[in-house]
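Here is what each chain is made of, one letter per residue.
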Amino acid sequence: MRVAVVGIGAVGSAACRFLAEAGHTVVGFERFTIGHGLGSSHGESRIIRYAYPEAHYTKLMGQAYPLWDALEQAAGEELFVRCGGLTFGPKEHPELASTRRALEVNRVPHQLLRPEEISERFPAIQLFADEIAIWQSDAGFLRAGAIVRAQARLAEKSGAEMRENTVIESLTELSGFDHVIVCAGAWANTLFPESPLPLTVTRQQVTYLSGELVGYPVWIDMATYWYGFPSDGRIPGVKLARHVPAEVFAPDHPDRPTLESDDDAALAYAVTRLPSLGPEIMHHASCLYTNTPDESFVFDHPRPKITRISACSGHGFKFSILMGKLAAEAATK
Ligand SMILES: Cc1cc2nc3c(=O)[nH]c(=O)nc-3n(C[C@H](O)[C@H](O)[C@H](O)COP(=O)(O)OP(=O)(O)OC[C@H]3O[C@@H](n4cnc5c(N)ncnc54)[C@H](O)[C@@H]3O)c2cc1C
């Protein structure tokens, strides 16, 4: 089959690779260059984890993990750092309780750690006396930008054609293809004026504070939705960000501004939680969240022979390889 893929971010690059490796004729269209920094999939790291308050996401990750392992092997480079992960918060926090249930129901091994155990194992992280942490050893981070580039490279190796700096203005341009997969991220609605989705695009900032955390896990604070990473070995400092939609942002804006107030918020959070970090800002960058009202993903067929897909809402990278595979299957089977 001849399949067009619009948007070569995390999902599109995965879809192109699966299609090309299955022997289909694939053309990928990307409005910028592959690996650009104006969408949602750039940067050094995205958290991967089974620990989710919703058991269906934990279950889906069971299908995504082997795909990441296989990609890393095929690419011949480190794309997944399995450093383990902590999810913590007040003992009675409902999302912490449902995360434990999701892990139990899906039989994912995990451990509960008290504040004194955290200070012993990870002394740079401070838990308060009324808090508890869930430790899960398969968590870690995915090297996001490198993954997009590796998937595109592997797709090309299997015969896919990538057309960079090419904006698809209307899907009628692609009428010669048997199927079109649209994974346009923050631009998802521009190609479907007749069936727009309730999507809100927001600018999200990540901040690297001075300091070093080697041998540390990724972590999520359920009470505040701050989260962070160990030192990633590529950018000096330690990355922190907050999983709360920030200000609404137009994806066609020519750049991705960063705000001093966001850096200040990261520094203020670190004072009590990670006091060895700061006070210098080593690096910061902005990226786009495409949010659905219930933070779930998009996978539909708005027109015949068209699949519209988005691993969005600020938590989709870990699922993007699976969604790319499912889109490739939906297009060809
Ligand atoms: C700050 C931040 C932190 C995050 N942290 C995590 C995390 O820890 N864990 C996690 O799992 N997820 C995380 N996410 C979410 C995850 O990164 C995104 O959901 C995911 O990268 C979305 O990928 P995508 O392929 O749908 O979109 P994108 O990567 O944006 O790809 C869409 C592509 O389509 C192209 N395009 C659009 N329109 C057209 C057109 N008309 N013609 C041609 N090309 C077009 C765009 O240029 C773009 O390259 C985070 C996101 C952000 C912003």
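Numbering of residues starts from 1 in every chain and runs along the sequence as written. The predicted nature of this model means local features are confined to residues of pLDDT at least 70 and side-chain atom pairs, given and counted, to a pLDDT of 80 or more, with totals for whole chains, interfaces and linings taken over all residues. Side-chain numbers come from the whole structure's heavy atoms, not from hydrogens or water.

1. Some words on the side chain of Thr99
Thinking step 1. Residue position: Thr99 is located in helix 3 (residues 94–105).
Thinking step 2. Owing to a relative accessible area of 0%, Thr99 belongs among the buried residues under this scheme.
Thinking step 3. Excluding anything up to four places from it in sequence, Thr99 contacts Ala51, Tyr52, Pro53, Ile134 and Met222. Where helices and strands are cited, they refer to DSSP runs of H or I of at least four residues and of E of at least two residues respectively, numbered from the N terminus. Only protein chains enter the calculation, and the probe is 1.4 Å; a residue is then buried if its accessible area is under 20% of its type maximum, exposed if over 50%, and partly exposed in between. Residues count as neighbours in contact if any of their non-hydrogen atoms are within 4.5 Å of one another.

2. Here we look at the pairing of strand 2 (residues 25–29)
Put simply, side chains in a regular strand alternate between the two faces of the sheet.
Thinking step 1. Strand 2 sits mainly inside the fold: four of its five residues count as buried.
Thinking step 2. Two strands are counted as paired when DSSP detects at least two bridges linking them. Relative to strand 2, strand 1 (residues 2–6) runs parallel, the two being bridged by five bridges. Its bridge partner being in strand 2, Val5 is matched across the sheet by Gly28.
Thinking step 3. When the strands point away from the viewer, a crossover counts as right-handed if the route from the first strand across the helix to the second turns clockwise. The parallel pair strand 1 and strand 2, bridged by helix 1 (residues 10–21), forms a crossover whose chirality is right-handed.
Thinking step 4. When strand 2 meets strand 9 (residues 161–163), the two strands line up parallel, connected through three bridges. Counted as the bridge partner of Phe29 is Arg163 from strand 9.

3. Examining the domain arrangement of the protein
Thinking step 1. Segment limits for the domains were obtained from an automatic or database-derived domain assignment. You can read the domains of the protein as domain 1 (1–44 + 143–198 + 293–333) and domain 2 (67–141 + 200–291).
Thinking step 2. Here the C-alpha centroids of domain 1 and domain 2 sit 26 Å apart.
Thinking step 3. Between domain 1 and domain 2, the residue contacts involve 31 residues of the former and 29 residues of the latter.
Thinking step 4. One speaks of a salt bridge when a side-chain nitrogen belonging to Lys or Arg is within 4 Å of a carboxyl oxygen belonging to Asp or Glu. Inspection of the region where domain 1 meets domain 2 yields four salt bridges.
Thinking step 5. One salt bridge in this structure joins Glu77 and Arg153, with 3.1 Å as the shortest N-O distance.
Thinking step 6. For the purposes of these results, a polar contact is taken to be a pair of N or O atoms within 3.5 Å, where, inside protein, one atom must be able to donate a hydrogen and its partner to accept one; residues adjacent in sequence count only when each atom of the pair is a side-chain atom. In this assembly, domain 1 and domain 2 are joined by 13 residue pairs in polar contact (both at pLDDT 80 or more).
Thinking step 7. Breaking the side of domain 1 that touches domain 2 down by element, the ones donating at least two residues are helix 1, helix 5 (144–157) and helix 7 (317–332).
Thinking step 8. The residue classification treats Ala, Val, Leu, Ile, Met, Phe, Trp, Tyr, Cys and Pro as nonpolar and Asp, Glu, Lys and Arg as charged. All others, Gly included, are polar. For the side of domain 1 that touches domain 2, the per-class residue count stands at 14 nonpolar, nine polar and eight charged.

4. Side note on helix 5
Thinking step 1. Expected helix span is computed as 1.5 Å times (number of residues minus one). With 14 residues, helix 5 should reach 20 Å at 1.5 Å per residue; the first-to-last C-alpha distance of 20 Å fits that figure.
Thinking step 2. Among the 14 residues of helix 5, 10 are classified as buried, and the element is accordingly described as predominantly covered.
Thinking step 3. All of the buried residues along helix 5 are Ala144, Gly145, Ala146, Ile147, Val148, Ala150, Gln151, Ala152, Leu154 and Ala155.
Thinking step 4. Its buried side turned inward, helix 5 meets helix 1, strand 3 (46–48), helix 2 (55–75), strand 8 (140–142), strand 9 and helix 7.
Thinking step 5. Positioned one or two residues after helix 5, Gly159 has a phi angle of 105°, which is positive.

5. Notes on the packing of aromatic side chains
Thinking step 1. Aromatic contacts are taken between Phe, Tyr and Trp rings whose centres are within 6.5 Å, Trp giving its six-membered ring; a plane angle under 30 degrees counts as stacked, one over 60 as edge-to-face, and the others as tilted. Inspection of every chain in the model, using the stated rule, returns 17 aromatic pairs.
Thinking step 2. Ring centres 4.3 Å apart and planes at 10° place the aromatic pair Tyr50 and Tyr65 in the stacked group. Here the residue Tyr50 occupies a position in the loop between strand 3 and helix 2, and Tyr65 occupies one in helix 2, the gap between them amounting to 15 residues.
Thinking step 3. Assessed through its relative accessible area of 3%, Tyr65 is described here as buried.
Thinking step 4. The structure contains a cluster of three or more aromatic residues connected by ring pairs, namely Tyr52, Tyr57, Phe297 and Phe319.
Thinking step 5. Over the aromatic face of Phe229 sits the side chain of Lys239, whose NZ or CZ is 4.6 Å from the ring centroid. Remark: a charge is flagged as sitting over a ring if the NZ atom of Lys or the CZ atom of Arg is within 6 Å of the ring centre and within 35 degrees of the ring normal.

6. Points about the sheet that holds strand 3
Thinking step 1. Taken in spatial order, the three strands line up as 3-8-4 in an open sheet, and their pairing is antiparallel. Edge positions in the sheet fall to strand 3 and strand 4 (80–81), since each has one partner strand and no second.
Thinking step 2. Here strand 3 runs beside strand 8; their pairing, made up of three bridges, is antiparallel. Residue pairing across strands places Ile48 opposite Gly140, the latter belonging to strand 8.

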